[in-house]
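Spelled out, the chains give:
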Amino acid sequence: MLGVLLLVLLAWRRLRPRPPQRYHPAWFLPAGLVFGSVSGMMSGAGPVMAPFYLSYGLRLGAYVGTAGIVGLGVQAAKVAVFGSAAVLTPRIVAWGLFLVPISVVGTVLGKRVMVHFPDWLFVAIIETVMGVGGLTLLLRG
């Protein structure tokens, strides 16, 4: 279902008959609730918020920063829930501690490249990730 949702959102962004409207910030509350719920139940939900961020006008650093803060909140909630349920084993925690610094380095390097992107290329990359993610989820199921 998540793969279908991503592909429908992508098609909607590209095929709607009128120019995109900028979402009011109030839309982020229900979208965030749905995203958080889906993310808590399954992996691969990250791109679901992409059309909302793009339609609000977020680009480049503002997009990545917003997605990063939202992702941090979602992951913190997951750690709290899984940690309280004694699901986080020492091995999983060790992998997490190993991967966090790698992610930080990747983010810093990515920012150095991204600042040189024109707006249209950034949007094309995000939409490509949405499409590939949607197709991957469909084909895995």
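In what follows, the structure referred to is the one given above.
A brief report on the enclosed structure follows. Note that this is a predicted model, so its numbers are computed, not measured.

Observations regarding the environment of V81
Stage number 1. Secondary-structure assignment places V81 in helix α4 (residues 60-84).
Stage number 2. Remark: the alpha-carbon pair of V81 and G40, spanning 41 residues in sequence, is separated by 9.5 Å.

Comments concerning the environment of L5
Stage number 1. Within the secondary structure layout, L5 lies in helix α1 (residues 2-15).
Stage number 2. With relative accessibility at 35%, the residue L5 sits in the partly exposed group.
Stage number 3. In this structure the C-alpha to C-alpha distance between L5 and V129, which are 124 residues apart in sequence, comes to 14 Å.

Thoughts on the environment of I102
Stage number 1. Position of I102 among the secondary structure elements: in helix α5 (residues 90-114).
Stage number 2. It is 27 Å that separates the C-alpha atoms of I102 and G32, two residues lying 70 residues apart in sequence.

Observations concerning unusual backbone geometry
Stage number 1. Notably, L60 is not glycine yet its phi reads approximately 45°, a positive angle.
Stage number 2. Within the element layout of this structure, L60 appears in helix α4.
Stage number 3. Taking relative accessible area as the criterion, L60 reaches 22% and is therefore assigned partly exposed.

A look at the layout of surface pockets
Stage number 1. Roughly 550 Å³ of internal volume is contained in the second largest pocket.
Stage number 2. Along its surface, the second largest pocket is lined by 18 residues, and Q75, V79, G96, L97 and V100 are the ones closest to its centre.
Stage number 3. Looking at the lining of the second largest pocket, the elements that each hand over two or more residues are α4 and α5.
Stage number 4. Broken down by element, the lining of the second largest pocket gets its largest block of residues, 10 residues, from α5.
Stage number 5. Taken together, the residues of the lining of the second largest pocket sort by class into 12 nonpolar, five polar and one charged.

Cut-off values and rules
- Residues numbered from 1 in each chain as written.
- Predicted model: local features only at pLDDT ≥ 70, side-chain atom pairs only at ≥ 80, totals over all residues.
- Heavy atoms only, no water.
- Helix = DSSP H or I, 4+ residues; strand = E, 2+ residues; numbered from the N terminus.
- Buried < 20%, exposed > 50% of the residue type's maximum accessible area, 1.4 Å probe, protein only.
- 1 Å grid on protein atoms, 1.4 Å probe; cavity = no way out; pocket = protein on both sides within 12 Å on 5 of 7 lines; lining within 4 Å.
- Points joined across faces, edges and corners; volume = space filled by probe spheres on them.
- Nonpolar A, V, L, I, M, F, W, Y, C, P; charged D, E, K, R; others polar.

Any functional reading would require information that these geometric values do not contain.
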